[in-house]
Amino acid sequence: MLKQLIALVAVWIFIAQNPAFAQNGAAITGSIQDADGKALDLVTVILFSTKDSAVVKTGFSEGNGSFEFTKLKAGNYFIRMSALGYENRATQLISVDSNSKTVQLGVFKLGATSKALKEVSISGKKAFIEQKLDRVVVNVDALIANAGTSALDVLSKSPGVIVDQNGNISLKGKNGVTIFIDDKPTYLTGADLESYLQSLPSSSMEQLEIMTNPPAKYDAAGNGGVINIKTKKGTLKGFNGGLNLSLTQGRKTRTINSINFNIRNKKFNYFTNLNYSHNSNFMDLDINRIYRNADDSPKTYFNQNTYANRKGDSYNLKAGADYYSSDNTTWGIVVTGISRKSTEVNTGRSNLLNSAQVLDSTIAADNINKLNFRNGGFNLNYRHQFDKNGHGITADADYLTYRNKTNQVFYNSSYFADQSLKSQDRLDGALPSNIDIYSIKTDYSLPLKNDWKFTAGLKSSYTKTDNVADYRTTVNGLTEQDYDKSNHFLYKENINAGYINFNREMKQLSVQAGLRAENTMSDGHQLGNLLKADSSFKRNYTGLFPTVYLLYKFDTLATHQLGINYGRRIDRPYYEDLNPFLSPLDKFTYYQGNPFLKPSYTQSLELSHTYKSKYTTTLSYSNTKDDVNETIEILNGIYYSRPGNLGRKIVKSLSFNGTFDPARWLSINLYSELTNITTKTDFYTGKLHTSGTFCYASANVKLGFGKGWDGELSGNYRTKITDAQFVLGTIWQANAAVQKKLSASTTLKLSGNDLFYSKINRGIINNLAQTSANWVNKGDSRTAVLSLSYRFGKAFSTPAKHDESGAESEKNRVKN
């Protein structure tokens, strides 16, 4: 099909430009064989004009090795031939005069690359990074060190992506990144998103699509852009699948395992992915605060250490079926599910010292959190192609449900300086949370004249959440309801959207432009209690979100390409961030929601230059109004962490990504970035105006040793980041990996991560009322990973199944 389309387009262009010659042009024919005389199929054959080296026509050799270029005007030409695993070849000058009918070139033989080179060559494998018009594609399996790890680990090794100690993801210095799985949003944030991505094995991932400015087809949510995780698809005839096992050993032991298979039989395709992970991890967090007098002299010191021991088991399921009712029509159903049970035991010790740093008192906070999280999804989809030119329609209907039960117990004991007991209490919390999401959408595509393509779509989603916080305090054996922390919050939201998009691929210029409109209606209700009054709010707002992409090729070989894109996006608050609940870490540290959060809006502009499709330099600028970020406030010595709107944030970035192949056995990918973040806003302590520039660099070196052995060295380095109220310290890590291909279906891999245990998060918290604070956070980052992958089944390609759903942004706003 591809060969016919390419040939059809080439002939149409030639006839349109040379109508008089279309009836009686000349032809060039030939055939291609390997060194043993066997015909070679699908060899790329390109016809060039010797006058300006411009590409005249492109084609492929047929099953018998033959190729043919027809309806050629008089002139001089040459041909280049290339195929994976064979040496490239070019012809001498080929002359076609006005009397020529057919120029027969005879047989060309392509020699295979030598066995010695073939054994150590890493060319022909997927590149780690691919640059496209509106996104950067990361091929997960291109890095050996990704084997046996999680999706979160893969993200942290991707260019421009930074994952902090809380699982928050930023892209080129911008927060608010939306995570999709097969074009379906995760609807998770914070600790839950971190847990989910840690339970998703890298072995189930095919690619990452990093879009700093997604096209109009995508929901406008996500000021930082969209990262779409594309999982591996079962697209083979018969019974096929894969098994992946891994064991990770750090200070703790954990494992991620998966099995996937599909059965393709006539008009039906059945597919299943099942993942199991056992996570055992720790967090060692130090928070140090100095409370100051009016003259800025130290008043008291508060040093806090919390050691969190985390264990949990997670099961992820994705299963479905496609029915091909005709060559042009497909009906599909997809069922997804997550079940996760985990326990976190926190041991906290806080020392309160006077101005002379003499111990005044000690607080022991021993907390137990038990979580039972369940998610279910149901998708019905329909696809129909009216013809083979891209005229088609798709439809999706989705239902998603989230059920989260969290039970907390806080044991708090206060001691005098001599360690005699001062006071003791217990706090019990029950926090059930229910979220239901309904979504329906449709997309329509229509090819137009002059190679233009038109796409349009509609979407409607409805979300309702029900969150309860029930806290009870026990002191001296007497238990009472804690109305200050207890609450009941209900939230409903309806988003209706539509978009149009036009794109055209020309000889040297590619154009894409779209416009998306979204209307949001929300209703929040805090039921209140004996101490808190009942309150509610309603909002209704509409936004327009344009996107424009231009890509210009300076020559027909695309040696130099210049791209520019612009987009406007929105970040709606996470559902849980709107919840005004107060959640304690200890008596002096609380996390709280903010029902007054407003949506934030970002305008982004990028200019890029690509050389030989291997080296890309990008200059980007974004301006965000009402950016949603974590804020810290000190009230009466109590530390409150809550989300808040920051007036204006401007992010400017210059980045470079390049792949170098100095030898057949060596490939190097380098990414570097220089980013400035400036924030201006009203704050708890007055005006906040910060600006800081950081550098980030990463490198991946792939080595081919031969005889099925490959190696890899990788690492990254980031200088300190100044972002609003926070200054994040310098951090770096180094990794190494090796793999052995035991057979065509079996591969064994061993990797070491954070070899020097340098991935330690440090930071400073500024703009606190008469308080200075800093933190150090250590995790189980130095690990060894042993993984085994096994593939089974036949290898006959068939059409791919449906992977998308209509609920493309709502998932990313669930935060439990």
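In the block above lies the structure referred to throughout.
Here's what I pulled together on the structure shown here. This structure is a prediction, so every number in the text was calculated from the model and none was measured. (Residues numbered from 1 in each chain as written. Predicted model: local features only at pLDDT ≥ 70, side-chain atom pairs only at ≥ 80, totals over all residues. Heavy atoms only, no water.)

1. What about the overall build of the protein?
So, point 1. In terms of helices and strands, the protein carries 4 helices and 45 strands.
So, point 2. Across the 816 residues in the protein, those meeting the buried criterion constitute 51%.
So, point 3. Here the protein displays about 36700 Å² of accessible surface, and carbon together with sulfur accounts for 57% of that area. (Helix = DSSP H or I, 4+ residues; strand = E, 2+ residues; numbered from the N terminus. Buried < 20%, exposed > 50% of the residue type's maximum accessible area, 1.4 Å probe, protein only. Areas by Shrake-Rupley, 256 points an atom, 1.4 Å probe, with all protein chains shown as cover.)

2. Some words on the pairing of strand β18 (residues 253-265)
So, point 1. Direction of pairing for strand β17 (residues 238-249) relative to β18: antiparallel, over a ladder of 10 bridges. Its bridge partner lying in β18, Phe239 is registered against Ile263.
So, point 2. With antiparallel pairing between neighbouring strands as the criterion, β17 and β18 make up a hairpin whose turn holds 3 residues.
So, point 3. Across 11 bridges, β18 lies against strand β19 (residues 268-292) in antiparallel orientation. Pairing of Thr255 across the sheet is with His278, part of β19.
So, point 4. Between β18 and β19, which pair antiparallel in sequence order, lie 2 residues; one of them, Lys266, sits at a positive phi of approximately 55°. (Pairing = 2+ DSSP bridges.)

3. Describing the packing of aromatic side chains
Two measures describe an aromatic ring pair: the distance that separates the ring centres and the angle between the ring planes.
So, point 1. Inspection of the entire model under this criterion finds 27 aromatic pairs.
So, point 2. Ring geometry for Phe180 and Tyr218: centres 6.1 Å apart, planes at 90°, overall edge-to-face. Here Tyr218 lies in the loop between β15 (205-211) and β16 (225-231) and Phe180 lies in strand β13 (residues 177-181), a separation of 38 residues in the sequence. There is no split in this pair, since Phe180 and Tyr218 are both buried.
So, point 3. In this structure, Arg80 packs its charged tip against the face of Phe48, placed 5.0 Å from the ring centre. (Phe/Tyr/Trp six-rings, centres within 6.5 Å; stacked < 30°, edge-to-face > 60°. Lys NZ or Arg CZ within 6 Å of the ring centre and 35° of its normal.)

4. Things to note about the sheet that holds strand β8 (residues 102-110)
So, point 1. One open sheet accounts for 3 strands, arranged β4-β1-β8; its pairing is mixed. Single-partner strands in this sheet number two, and they are β4 (66-72) and β8. Direction aside, the axes of adjacent strands within the sheet are offset by 15° on average. (Axes fitted to C-alpha atoms, helices over the stretch in contact; angles between N-to-C directions.)

5. Quick notes on unusual backbone geometry
So, point 1. For Asn636, which is not glycine, the phi dihedral falls at a positive 55°.
So, point 2. Structurally, the position occupied by Asn636 is in the loop between β34 (615-635) and β35 (638-663).
So, point 3. On the accessibility criterion, Asn636 (82% relative accessible area) is exposed.
So, point 4. For Lys707, which is not a glycine, the phi torsion comes out positive at approximately 55°.
So, point 5. By secondary structure assignment, the location of Lys707 is in the loop between β37 (686-706) and β38 (709-718).

6. What to know about the side chain of Asp754
So, point 1. Relative to the assigned elements, Asp754 resides in the loop between β42 (746-753) and β43 (761-768).
So, point 2. Setting aside residues no more than four positions away along its own chain, Asp754 makes contact with Trp732, Gln733, Ala734, Asn735, Lys759, Ser781 and Arg782. (Contact = heavy atoms within 4.5 Å.)

7. A closer look at the pattern of salt bridges
So, point 1. In total, this model carries 20 salt bridges according to the counting rule given.
So, point 2. Salt-bridge contacts for Asp296 lead to Arg292; the nearest nitrogen and oxygen are separated by 3.8 Å.
So, point 3. The shortest N-O distance in the salt bridge between Glu633 and Arg642 comes to 2.6 Å.
So, point 4. For Arg642, a relative accessible area of 13% gives the class buried.
So, point 5. One salt-bridge network, in which partners are shared between bridges, spans Asp219, Lys459, Arg516, Glu518 and Arg572. (Salt bridge = Lys/Arg side-chain N within 4 Å of Asp/Glu carboxyl O.)

8. Observations regarding the environment of Thr70
So, point 1. Looking at where Thr70 falls in the secondary structure, it is placed in strand β4.
So, point 2. Separated by 31 residues in the primary sequence, Thr70 and Lys101 place their C-alpha atoms 9.4 Å from one another.
So, point 3. The contact partners of Thr70, leaving out residues within four places of it in the chain, are Ala26, Ala27 and Lys57.

9. What about the nonpolar core?
So, point 1. Leu155, Val161, Ile169, Leu197, Leu208, Ile227 and Ile229 are the most contacted members of the largest nonpolar core, which totals 34 residues.
So, point 2. For this core, the leading source of residues is helix α3 (residues 151-156), giving 4 residues.
So, point 3. If we ignore the near neighbours within four places in the chain, the residues touching Ile169 are Leu155, Val161, Ile162, Val163, Lys174, Asn175, Gly176, Val177, Ile179, Leu193, Leu197 and Ile227.
So, point 4. The next biggest cluster of nonpolar side chains, apart from the first, holds 19 residues, and it includes Val45, Phe69, Ile79 and Met81. (Core = buried A, V, L, I, M, F, W, Y, C linked by side-chain atoms within 4.5 Å.)

10. A few points about the side chain of Asn228
So, point 1. Relative to the helices and strands, Asn228 is located in strand β16.
So, point 2. With near-sequence residues (within four places) excluded, Asn228 lies in contact with Phe180, Ile181, Asp182, Asp183, Gln207, Leu208, Glu209, Met211 and Tyr218.

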